[in-house]
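If you want the building blocks of each chain, they are given just below.
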Amino acid sequence: MNMPTYVPASTPTHTAVRGVLRQLAAAGALGMAVLYGVAFADSPLAHNAAHDVRHITVKPCH
Ligand SMILES: [Zn+2]
């Protein structure tokens, strides 16, 4: 008599979670690249726009 093959029910969910985590990491990395790319841009217009957003969103600044 063969034992039933055990298939973990969490396998698809685990794969989906890994996919979501990878997407979140990629989105976070892109966001940080854009944020720092704009914040340290040579263009004063882009820099001031990013600075104004910091003040509007009540983030700690200077
Ligand atoms: Zn400021």
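Relevant structure appears above.
So, a few notes on the structure that sits alongside this text. (Residues numbered from 1 in each chain as written. Predicted model: local features only at pLDDT ≥ 70, side-chain atom pairs only at ≥ 80, totals over all residues. Heavy atoms only, no water.)

### Re the overall build of the protein chain
Here comes step 1: On a plain count of helices and strands, the protein chain comes out with 2 helices and 0 strands.
Here comes step 2: Of all 62 residues assigned to the protein chain, the portion counted as buried reaches 2%.
Here comes step 3: Total accessible area computed for the protein chain in this model is approximately 5700 Å², and 70% of it derives from carbon and sulfur atoms. (Helix = DSSP H or I, 4+ residues; strand = E, 2+ residues; numbered from the N terminus. Buried < 20%, exposed > 50% of the residue type's maximum accessible area, 1.4 Å probe, protein only. Areas by Shrake-Rupley, 256 points an atom, 1.4 Å probe, with all protein chains shown as cover.)

### Section: the coordination of the zinc ion
Here comes step 1: Listed as protein donors to the zinc ion are His-51 (NE2), His-55 (NE2), Cys-61 (SG) and His-62 (NE2); their distances from the metal cover 1.8 to 2.3 Å.
Here comes step 2: Classification of the site at the zinc ion as tetrahedral follows from its 4 donor atoms and the range of 99 to 125° in their angles at the metal.
Here comes step 3: Coordination of the zinc ion draws on donor residues from a single chain, spaced H-x3-H-x5-C-H in sequence. (Donors = N, O, S within 2.8 Å, 3.2 Å for Na, K, Ca; no water. Tetrahedral: all angles 85-135°; square planar, octahedral: opposite > 155°, others 65-115°.)

### Some remarks on unusual backbone geometry
Here comes step 1: Phi angles above zero are rare outside glycine, and Val-58 is one such case at about 55°.
Here comes step 2: By the element assignment, Val-58 lies in the segment after helix H2 (44–56).

### Quick look at H2
Every α-helix winds through 3.6 residues per turn, so residues three or four apart in the chain are directed the same way.
Here comes step 1: The first and last C-alpha atoms of H2 sit 18 Å apart over 13 residues, in line with the 18 Å expected at 1.5 Å per residue.
Here comes step 2: In the segment just after H2, Val-58 is the residue with positive phi, at about 55°. (Expected span 1.5 Å × (residues − 1).)

### Some remarks on a nonpolar patch on the surface
Here comes step 1: A cluster of nonpolar residues, Val-17, Val-20, Leu-21 and Leu-24, forms a patch on the protein surface that exposes about 370 Å² of accessible area.
Here comes step 2: Relative to the assigned elements, Val-17 resides in helix H1 (residues 11–39). (Patch = residues over 30% accessible without salt bridge, like charges linked within 9 Å, V, L, I, M, F, W, Y side chains within 5 Å. Salt bridge = Lys/Arg side-chain N within 4 Å of Asp/Glu carboxyl O.)

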